[in-house]
Amino acid sequence: MSKPKIFIAGHKGMVGSALVRILQNQEAQIITKDSKELNLLNQYEVQNFFKNNKIDQIYLAAAKVGGIHANNTYPADFIYENLMIQTNVIHGAFLGGIKKLLFLGSSCIYPKKAKQPIKEEELLNGKLEPSNEPYAIAKIAGIKLCESYNRQHSKKYGIDYRCVMPTNLYGPGDNYHPMNSHVVPALIQRFHEAKVENLPNVSIWGTGKPRREFLFVDDMAEASIYIMNLDKSIYWKNTKENCYINIGSGVDITINDLSKVIKKVVGYKGKIDFDPTKLDGTPRKLLDSHKLNNLGWYPKIVLKDGLKKTYKDFLNN
């Protein structure tokens, strides 16, 4: 039996590179293309690529991502680029006869005031967090694209497009841009710089009260591969015909407590100051991952161990 040909869109990103790391140890032929070889914003290039390459599975991990500041500053870029990437890849996959695709969404698709922990059924049940609404709407469109292609084409063409909604991710290969990064890399960067420069205190946006759930990126990649390869009848029965499923750790922590853990991991000795004039974002965001747990998957890496691995990777790179 020949090895399945797997295309990972977004292989240089944090999730994409984790998928490559894990799939390299399995019986698979991995295909990757950087943006110079294949521009995912260009419909013609994408359709041509899928037409000329016999691919068995696609992991759609390519996306424009960033933290609160980036989402607030570049809303047009976030909605346009994500919509284009998703539409081109999903439609191109269908035209290319590719039956298996996994789309990586985001927990920000859920309403700002969703019931906690957030079940999959909360989608479209309320208003989104305004600071990242354009990005969230693009991700919701990606889910609905997969859902619609399944509804229209699964019986005739055997289409099986699935979506995973990860909680906040962190780990090797994260983005450490001083203004555009997510909370974990931003805090690692700040505490590290403060340690090196011997600064007396580190200022952190917001009150420190919001609660967030975090998942190590290798766990996310393992879960994605697990879901991609689950038997069709088992997956669809357990997700109750939803094409999307949550991936989380099941544990949340305040930003205040997260800051203390990262401070300790980095070895910074100064003070932490919170700036309540800055945005807090959603008060709490914890996913309900029972459907995934019922399918037999649980995360392996606890937060403190994951942060140690992440800081080690930060120092090496």
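Everything quoted here is computed from the prediction, not taken from an experiment.

A. Up close: the packing of aromatic side chains. Applying the stated criterion to the full structure yields 11 aromatic pairs. The interplanar angle of 70° and the centroid separation of 5.6 Å between the aromatic rings of Phe94 and Tyr149 together place this pair among those described as edge-to-face. One end of the pair, Phe94, is in helix α4 (residues 75–95); the other, Tyr149, is in helix α5 (residues 133–157), and 55 residues separate them in sequence. You'll find Phe94 and Tyr149 in the same group, each marked buried. Taking the centre distance of 5.3 Å and the plane angle of 85° together, the rings of Tyr235 and Trp236 count as edge-to-face. Considered together, Tyr235 and Trp236 belong to a single accessibility category, that of buried residues. Counting every residue linked through ring pairs, the aromatic cluster contains Phe7, Phe49 and Phe50.

B. Just helix α2 (residues 43–52), in detail. Regarding α2, the residues found buried are Val46, Phe49 and Phe50. Viewed end-on, α2 has its buried residues packed into an arc of 90°, placing them on one side of the element. The exposed set on the far side of α2, more than 90 degrees from its buried face, consists of Tyr44, Lys51 and Asn52. Among the structural elements, β1 (5–9), β2 (29–31), β3 (57–60) and α4 are those in contact with the buried residues of α2. Backbone nitrogen of Tyr44 and a side-chain oxygen of the N-cap are separated by 3.0 Å at the start of α2; the cap is Asn42.

C. How the structure looks around the sheet that holds strand β5 (residues 160–166). Taking strand neighbours across the sheet as the criterion, the 6 strands line up as β2-β1-β3-β4-β5-β9 in an open arrangement whose pairing is parallel. A single partner strand is all that each edge strand has here, and the edge strands are β2 and β9 (244–247). Taken pair by pair, the neighbouring strands of this sheet meet at an average axis angle of 20°, ignoring direction. Bridge count between β1 and β3: 4 bridges; the pairing is parallel. When the bridges of β3 are listed, Ile8 appears paired with Tyr59. Seen against the sheet, α5 touches β4 (100–104), β5 and β9 and runs at an angle of roughly 155° to β5.

D. Layout of the packing of helix α1 (residues 14–23) against helix α7 (residues 217–228). Two elements in contact, α1 and α7, have axes whose closest approach is 9 Å; the angle formed by their N-to-C orientations is 65°. By the angle class used here, α1 and α7 are roughly perpendicular. The handedness of the crossing between α1 and α7 is right-handed. Where α1 approaches α7, its residues Met14, Val15, Ala18, Leu19, Arg21, Ile22 and Leu23 are matched on the opposing element by Val217, Asp218, Met220, Ala221, Glu222, Ser224 and Ile225. Across the contact of α1 with α7, the residue classes tally to 10 nonpolar, 1 polar and 3 charged.

E. Seen up close, the pairing of β4. Within β4, 5 of the 5 residues are buried, which leaves it mostly tucked inside the rest of the structure. Taking every second residue as pointing to the same face, both faces of β4 are buried, with Lys100, Leu102 and Leu104 on one and Leu101 and Phe103 on the other. Pairing of β3 with β4 involves 4 bridges; the strand directions are parallel. From the neighbouring strand, Tyr59 faces β4, where its bridge partner is Leu102. When β4 meets β5, the two strands line up parallel, connected through 5 bridges.

F. Here's a closer look at the pattern of salt bridges. The final tally for this structure, using the stated rule, is 11 salt bridges. Taking the shortest distance from any N to any O, the salt bridge between Glu121 and Lys291 comes out at 2.6 Å. With Glu121 in the loop between β4 and α5 and Lys291 in helix α10 (residues 290–294), the pair connects residues that are 170 residues apart, well separated along the chain. A residue is classified by how much of its surface remains accessible, and Lys291, at 13% relative accessible area, is buried. The partner of Lys144 in a salt bridge is Glu147, with the nearest N and O atoms 3.1 Å apart. One end of the pair is Lys144 and the other is Glu147, both in helix α5 and 3 residues apart, which spans about a single turn. The exposure class assigned to Glu147 is buried, which follows from its relative accessible area of 18%. Through salt bridges with shared partners, a single network forms among Lys100, Asp160 and Arg162.

G. A look at the environment of Phe78. Among the secondary structure elements, Phe78 is positioned in helix α4. Given the relative accessible area of 2%, Phe78 is considered buried. Each C-alpha atom, one on Phe78 and one on Leu286, is 23 Å from the other, the two residues being 208 residues apart in sequence. Setting aside its immediate chain neighbours within four residues, Phe78 contacts Lys64, Val65, Gly66, Ala70, Asn71, Tyr135 and Ala138.

H. View of the packing of helix α9 (residues 255–266) against helix α11 (residues 303–316). Look at α9 against α11: their axes get within 10 Å of each other, and the N-to-C directions meet at 50°. Taken together, the axes of α9 and α11 lie oblique to each other. Seen along the crossing, α9 lies across α11 with a hand that is right-handed. In this structure, α9 uses Leu258, Val261, Ile262, Lys264, Val265 and Val266 to contact α11, whose residues at the interface are Leu303, Lys304, Leu307, Lys308 and Tyr311. Of the residues contributing to the contact of α9 with α11, the split by class is 8 nonpolar, no polar and 3 charged.

Cut-offs applied
- Residues take numbers from 1 onward in each chain, read along the sequence in its written order.
- In view of the model being predicted, local features appear only for residues whose pLDDT reaches at least 70, and side-chain atom pairs are presented and counted only at 80 or more, with totals across whole chains, interfaces and linings using the full set of residues.
- Each side-chain value is derived from all of the structure's non-hydrogen atoms; neither hydrogens nor water enter the calculation.
- Two rings from Phe, Tyr or Trp (for Trp, the six-membered ring) form a pair when their centres sit within 6.5 Å of each other. Planes less than 30 degrees apart are called stacked, planes more than 60 degrees apart edge-to-face, and all others tilted.
- A helix here means a DSSP run of H or I that spans at least four residues, while a strand means a run of E at least two residues long, and both kinds are numbered starting from the N terminus.
- Burial classes: relative accessible area under 20% of the type maximum marks a residue as buried, over 50% as exposed, and values in between as partly exposed (1.4 Å probe, protein chains only).
- To be clear, the arc concerns the directions from the helix axis to the C-beta atoms.
- We call two residues contacting when some pair of their heavy atoms lies within 4.5 Å.
- Whenever a nitrogen or oxygen atom comes within 3.5 Å of another N or O atom, the pair is scored as a polar contact, on the condition that within protein one atom can donate a hydrogen and the other can accept it, and that pairs from neighbouring residues in sequence are kept only if both atoms are in side chains.
- Paired strands, as defined in this entry, are two strands with at least two bridges between them according to DSSP.
- Each axis is a line fitted through C-alpha atoms, and for a helix only the stretch in contact is used; angles between axes span 0 to 180 degrees, taken between their N-to-C directions.
- Note on angle classes: values under 35 degrees are labelled roughly parallel, values over 145 roughly antiparallel, values of 65 to 115 roughly perpendicular, and the remainder oblique.
- Helix crossings are classified by the rotation of the near helix relative to the far one: an anticlockwise turn of less than a right angle makes the crossing left-handed, while a clockwise turn makes it right-handed.
- All residues other than Ala, Val, Leu, Ile, Met, Phe, Trp, Tyr, Cys, Pro, Asp, Glu, Lys and Arg, Gly among them, are scored as polar; the first ten of these are nonpolar and the last four charged.
- We define a salt bridge as a side-chain nitrogen of Lys or Arg found within 4 Å of a carboxyl oxygen belonging to Asp or Glu.

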